[in-house]
Amino acid sequence: MQPASDTLWRRGATLGSRRFALPTLVAILAAVLLATRGPAAVEDEAADDMLTATSERMIAYVLTPEHGPRFRLPGGPELLRVSAHLVLPSGQTYVATRRYAFGIEATLRAPDGEVLWRRHLSDRTDQTKAGYSEGGWIYEAAFAADHRYELSDSAGLELALPSCPPGSTIELRLADETGILGPDGNKIAVPFNNPSALVRVHRRVDLGLAGESLRRSATQAALGKARLAASTFLPWHALREAHRAHAEAEAWERMPAEGRAGVDYRGESVYVAAGPPPAPPPPEAPALAIAPGQSALVHLLGPGIATVRTRGTATVSTDMPQEIAVRTRWLGPFPAGAEPPPPAPPVSLLSIPITDAWQEQAIPLTAGWTTLELSTAVGAADVQVVATDGARHPTADEAGFETARESTFAALRLPAETERSGCAGARLTHRAACTLTTPPPPPSALIPVDLRTLPLYRIGPDIAPLAFNLTGPKDIYTRTLRFDVRSFGAVTPVRLGLEFLDARGQVIAVEELMAEPLNLSQFERVRPPSAFFAESAGGGDEEDSQVPSLLPALGLALAERPVSEPVALRLIAPPEAVRLQIVGDATALLDVRTVLPPPADEVGGSPWVWPYDQVVIDDERWRYAPRRRDRWFPLRAEDHALRRAAGQVMPLHAQIRREYEPPRPTTEGPWITTKPRGGVQRLDILELVPPSRRAEVIASWGPGDVSVLRPNTLERIDLRHGYSRPTRMRYHAIGGGVRALGQNIDMQINDTDSDWLITARAETRRLKRPKGGLLSLIWSSGPESVRIIVNRPTLSGAPIYTARQIYRLADNSMTVDVPKRAGAVEALHVVVYWLEGAPTTATSLKIAIDGGTPRRHSARGVNISQAEHSVVLIPDSSAELLRTDRDTPVRAQRTTFTLRLGDDLAPGRHSVTFHRESGSPVWLRLFREAPKSHGAGPDLEISHDD
């Protein structure tokens, strides 16, 4: 087949000369032709005129593999929309089900001609006609001005261009792989010789207030709503105000080609039907793609009904049942209340067979938050989860504070139109089906997948080393690095080679780390990097598009290659290192992060943002859910832009889910303080209770809690309610201590003077309960520093502290005894303090149980205890301490860890020995849970670290 496009480009000179024919000659020839034509010809012309009148005339540019237009750009990032019509071979019979495939090569050049960026785009299209009669077709989606050649329907492609200098150009060429698709709908069966196409290009522009007519603004607002309604499952009223304003403030402006007409480009008239073609079957709503090893999770709020709809997309020849397994788990009440959650309903399992037709299964939901896990062992299927009868997904409208609204779900733009293999004669949207037997569910009823999108760097033996800058404060936090390694394609060990360089570029340290993944991840999927960031909500900005974001998705695509669960490795960079280079010996994905210094005060409550903070389960935690305060943040490679353009920045879709985690220390107690053996240096301190936990501590006031009275401030204390111990006041002569001997503390208790003579370093006085139970007190002293403490909370807001005993671990070892109950797991909680300021190196501790040879019983335990192991510690929080040997408060750095004695150990008393291997000296506070039958005094742990 020889298309008419072979002469399309060369027709320019001949047709150009005809433009200068004399008007009189044209008029005479037209009159002669009309006089000689018969009635049939006149009727055909009338039909053509009617068809032309119902179509819109446009100017398109000729595109071939060798020639094509170029367009000048104003600079900066751009979003272009390319509309293309294939020029079809002449002399062929029209077939309604025939489909065509083509590709376009886009090249971005700098003003000097240097190639900045290049992409290959591919799409598929049809040819739509209807109502054939002797006079021709009543309807054609697109046709040439004089029907010299046949045109396909319009195919739309979007180009998200990176930021470029002003005066850059974008060039378009047609790919050689153009032709008619075969019956399978995937491969080209009949390629075109000398293919060509006609293209139009539009760029997105913002509508400014100045110079815009009301009519254009109103029209564009309506178009914005229509466009969003077609590209997202969220209705217009459910979108955030920022997305509404963005949709209403953008327009598409046609771009003219640059150069000389007929030489640098060639324009042709194209008629595009103004009215819609005959209505195709309605597109089906997006669906989740499920295959072996690639599961999906959705979260719903009950009560109500969740309907799971499945339809097979691939089957295999096997005797195993091909079905979708649905695992239902109840996560807890929503929202979480002060009362303990009721017992969880049992986990339910059901299966839905995979067939070519849609199958449905209704699942009743109880009140609260429920998760559905969808998986399959054989075959693949598309799955939809539809919520009815009150069941739903959390929405942004339920969040009552600003930070929650900033962290909730955004609209996800769907990619360009694609086509499913094996489906003929249908134009499809993202994750859509070809034909429908039942109407699709409304988009508002579909339940999305909660995703965290993380950009990861691809590493391997054929990829240049990754380079990161390590400049910043010379503290331990800047130099603490975490490497999350995922093997890509298979579960294989990955060896990382690290080089640390100083300011002169000299290698000062070389390290080697080994990551050994255990299994592939079912809930993480790697996406192709092309066009991903342009699709992300708010991803139009070059910088903002790289921030890990929270996106919802209903159409969850299958990953082309599997990825393993991450393996986290940690390392402390040398103090003089300013640059890090990393290489990998196997194909893997890498996320490099560093840690922020701890905040000045603790943040109470749940660490998760809304709505994930509404579920409280002690032995589980959210994975990949966004935090209120995430201390680990990703490092960006020096050549990030080049790696992103080369496809080495791989977006990872991690599904947010809840996973089991052993319980952490809480403040519920009771706890027993564990004291070490022998003559270990001890220090008594008072640790400040953060303001966020003040009400909680007052409600559960214990023997170790005190208020530090402020000098020259009237303090009020309520002694009317229920304290079993007497009210006592105590002074501490701080600093040198003896300097304050002999001086008076001037006090007024309920307007009565009551001086207190300092005769010792510390002394205690009992306060009698006054009539009415309300006590007011004010004091002053001088010239030496004195601290006055009362074992009651004040109504006037005096700071609250908790008494602690900490023990120094330097060059000596420290041993504690831990009683072990039969068949139980004993947890020894350790709080580590650095009192000499933030350390510059990590502290490594070696821990041994029973000197490395613990006594074990013969039965195999579920929780096996390591006889010896090491922990590497860096601070992750801070606390204000009062010391009797210091005049002013001390800012101490802290961290916590837990040592568990498993049920493999024999009951009885075991010894646990701590030895410092390296790093700064530390102070330890140790406590364990008290048996419920004993009324031990509490030792409260106030940490609420993430």
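Residues numbered from 1 in each chain as written. Predicted model: local features only at pLDDT ≥ 70, side-chain atom pairs only at ≥ 80, totals over all residues. Heavy atoms only, no water.

One ladder, built from seven bridges, connects strand β38 (residues 682–688) with strand β48 (residues 800–809); its direction is antiparallel. Within β48, the position partnered with aspartate 684 by the bridge is glutamine 805. As paired elements, β38 and strand β53 (residues 877–883) share three bridges and run antiparallel to each other. Pairing of isoleucine 685 across the sheet is with arginine 883, part of β53. (Pairing = 2+ DSSP bridges. Helix = DSSP H or I, 4+ residues; strand = E, 2+ residues; numbered from the N terminus.)

Before going further, it helps to examine the pattern of salt bridges. Counting across every chain of the model gives 36 salt bridges. Between aspartate 484 and arginine 482 there is a salt bridge, with the nearest N and O atoms lying 3.1 Å from each other. You'll find aspartate 484 and arginine 482 in the same group, each marked buried. Between aspartate 817 and arginine 677 there is a salt bridge; the shortest N-O distance is 2.6 Å. Of this pair, aspartate 817 sits in strand β49 (residues 813–820) while arginine 677 sits in the loop between β37 (671–674) and β38, and the two are 140 residues apart along the sequence. Relative accessible area serves as the criterion here: at 23%, aspartate 817 is assigned to the partly exposed category. Given the relative accessible area of 45%, arginine 677 is considered partly exposed. (Salt bridge = Lys/Arg side-chain N within 4 Å of Asp/Glu carboxyl O. Buried < 20%, exposed > 50% of the residue type's maximum accessible area, 1.4 Å probe, protein only.)

Take threonine 794: it is sitting in the loop between β47 (786–790) and β48. For threonine 794, a relative accessible area of 6% corresponds to the buried category. Within polar-contact distance, the side chain of threonine 794 engages the backbone nitrogen of glycine 797 at 3.3 Å. Within the local environment of threonine 794, its side chain forms a polar contact with the backbone nitrogen of alanine 798, the two atoms lying 2.9 Å apart. Those residues in contact with threonine 794, other than ones at most four positions away along the chain, are Arg694, Ser707, Leu709, Glu715, Arg716 and Ile717. (Polar contact = N/O pair within 3.5 Å; in protein donor to acceptor, adjacent residues only side chain to side chain. Contact = heavy atoms within 4.5 Å.)

Attention now moves to the sheet that holds strand β27 (residues 507–515). If you trace the four strands from one edge of the open sheet to the other, you get β24-β31-β26-β27, paired in antiparallel fashion. Pairing within the sheet leaves two strands with one partner each, and these edge strands are β24 (466–469) and β27. Across this sheet, the average inter-strand angle for adjacent strands is 20 degrees, counted without regard to direction. (Axes fitted to C-alpha atoms, helices over the stretch in contact; angles between N-to-C directions.)

The next point concerns the sheet that holds strand β19 (residues 323–332). Note: strands within a sheet are paired through backbone hydrogen bonds, in either parallel or antiparallel orientation. The sheet built from six strands is open, its strands ordered β17-β22-β18-β21-β19-β20 with antiparallel pairing. Edge positions in the sheet fall to β17 (288–290) and β20 (348–353), since each has one partner strand and no second. Strand-to-strand, the axes of this sheet are offset by a mean angle of 20 degrees, without reference to chain direction. Two elements, β17 and strand β22 (residues 380–388), share three bridges in a ladder whose sense is antiparallel. Along β22, the bridge assignment pairs alanine 289 with aspartate 382.

Let's shift gears to unusual backbone geometry. Trans is the prevailing form of peptide bonds, just as negative phi is the prevailing case for residues other than glycine. With omega at 5 degrees, the peptide bond leading from glycine 302 into proline 303 counts as cis. Structurally, the position occupied by proline 303 is in strand β18 (residues 296–314). Cis geometry marks the peptide bond from tryptophan 610 to proline 611; its omega dihedral reads 5 degrees. For proline 611, the position within the fold is in the loop between β32 (588–595) and β33 (620–623). At asparagine 750, a residue that is not glycine, the phi angle is positive and equals roughly 50 degrees. Locating asparagine 750 in the fold gives a position in the loop between β42 (744–749) and β43 (752–753). For asparagine 750, a relative accessible area of 28% corresponds to the partly exposed category. With a phi close to 65 degrees, aspartate 751 is a non-glycine residue in the positive phi region. If you trace the backbone, aspartate 751 turns up in the loop between β42 and β43.

With 32 residues, the main nonpolar core has Phe71, Phe102, Ile104, Leu159, Ile170 and Leu172 as its most contacted residues. Taken together, the elements giving at least two residues each to this core come down to β1 (55–63), β3 (78–88), β4 (100–109), β5 (115–125), β10 (155–161), β11 (169–174) and β14 (197–206). In contact with leucine 159, not counting residues within four places along its chain, are Glu78, Leu79, Leu80, Val82, Ala106, Trp117, Leu121 and Leu172. Counting 29 residues, the second-largest nonpolar core is a separate cluster that includes Val567, Val592, Ala637 and Val649. (Core = buried A, V, L, I, M, F, W, Y, C linked by side-chain atoms within 4.5 Å.)

This paragraph deals with the packing of aromatic side chains. Following the criterion strictly, the structure yields ten aromatic pairs and no others. Note on tryptophan 369 and tryptophan 622: the rings are 5.3 Å apart at their centroids and 50 degrees apart in plane angle, and the pair reads as tilted. Of the two residues, tryptophan 369 sits in strand β21 (residues 359–376) while tryptophan 622 sits in strand β33, which places them 253 residues apart along the sequence. For the pair formed by tryptophan 369 and tryptophan 622, the shared burial category is buried. For the ring pair tyrosine 731 and tryptophan 756, a centre distance of 4.9 Å and an interplane angle of 80 degrees mean the geometry is edge-to-face. (Phe/Tyr/Trp six-rings, centres within 6.5 Å; stacked < 30°, edge-to-face > 60°.)

The next point concerns the confidence of the model for the protein chain. Scored by pLDDT, the protein chain comes out at a mean of 75, with 74% of its residues at no less than 70. For the protein chain, helix α6 (residues 402–407) is the element with the lowest average pLDDT, namely 32, and β11 is the one with the highest, namely 94. Residue range residues 1–48 is modelled with pLDDT below 50. Its contacts to residues more than four positions away, or to other chains, number 44 contacts. Scored below 50 in pLDDT, residues 933–946 makes 47 contacts in the model with residues more than four places away or belonging to other chains. (pLDDT = per-residue confidence, 0-100.)

Residue position: arginine 486 is located in strand β25 (residues 480–487). For arginine 486, a relative accessible area of 2% puts it in the buried group. Polar contacts involving the side chain of arginine 486 include one to the side chain of tyrosine 624, which spans 2.9 Å. Discounting residues that sit within four places of it in the chain, arginine 486 has contacts with Leu456, Glu524, Val563, Ser564, Glu565, Pro566, Ala588, Leu589, Tyr624 and Leu652.

Below, the discussion takes up the environment of threonine 370. With respect to the secondary-structure elements, threonine 370 resides in strand β21. Overall, threonine 370 belongs to the buried group, its relative accessible area being 3%. Residues threonine 370 and tryptophan 330, spaced 40 residues apart in sequence, show a C-alpha to C-alpha distance of 4.4 Å. Discounting chain neighbours no more than four positions away, the residues touching threonine 370 are Val298, His299, Leu300, Thr328, Arg329, Trp330, Leu331 and Leu365.

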